[in-house]
Amino acid sequence: MSAMVKESERESNSKTLGNSTELSRKCIDTVRVLCADMVEKAKSGHPGAPMGCAPIAHLLYSGENCMRYSPSNPQWINRDRLVLSNGHACALLYSMCHLT
């Protein structure tokens, strides 16, 4: 019974989100392609981390209540910061900075 309720909730949420889910998928795929292109053009690095973390970055940078930042004011003292210790993932940060 519980599985049936969860499945119907999932279907309801999917119908409610409609184009929003499709838009999110397109945004995530765009970030993935941009990261892969960046690594290919630089002829250095590995696209695995940026492509795998693209959904996380999309959530952090596009959610209303997630990251607080202002690209027009990089000196804003109260901005949120995202630090990735994996150097291979820097393409993800560069992509998000470019897109926002």
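Going by the structure above, here's the rest.
The rules behind the values
- Residues numbered from 1 in each chain as written.
- Predicted model: local features only at pLDDT ≥ 70, side-chain atom pairs only at ≥ 80, totals over all residues.
- Heavy atoms only, no water.
- Helix = DSSP H or I, 4+ residues; strand = E, 2+ residues; numbered from the N terminus.
- Buried < 20%, exposed > 50% of the residue type's maximum accessible area, 1.4 Å probe, protein only.
- Contact = heavy atoms within 4.5 Å.
- Phe/Tyr/Trp six-rings, centres within 6.5 Å; stacked < 30°, edge-to-face > 60°.
- Polar contact = N/O pair within 3.5 Å; in protein donor to acceptor, adjacent residues only side chain to side chain.

Caption draft 1: Summary view of the overall build of the chain. Scanning the chain for helices and strands turns up four helices and zero strands. Its helices and strands in sequence order give the chain the pattern α-α-α-α, from N to C terminus. The buried share among the 100 residues of the chain stands at 16%. Within the chain, contacts between residues separated by at least 24 positions form 54% of all contacts whose residues are at least 6 apart in sequence.

Caption draft 2: Spotlight on the packing of aromatic side chains. Counting across every chain of the model gives one aromatic pair. Judged by centre distance (5.2 Å) and plane angle (65 degrees), the rings of Tyr61 and Tyr69 are edge-to-face. Residue Tyr69 is classed as partly exposed on the basis of its relative accessible area of 26%.

Caption draft 3: View of the side chain of Ser95. Tracing the sequence through the fold places Ser95 in helix α4 (residues 90–99). Looking at Ser95, the relative accessible area reads 0%, which means it is buried. From its side chain, Ser95 meets the backbone oxygen of Ala91 in a polar contact 2.8 Å long. Here Ser95 is in contact with Leu34, Cys35 and Met38, once residues within four sequence places are set aside.

Structural measurements only, silent on function.
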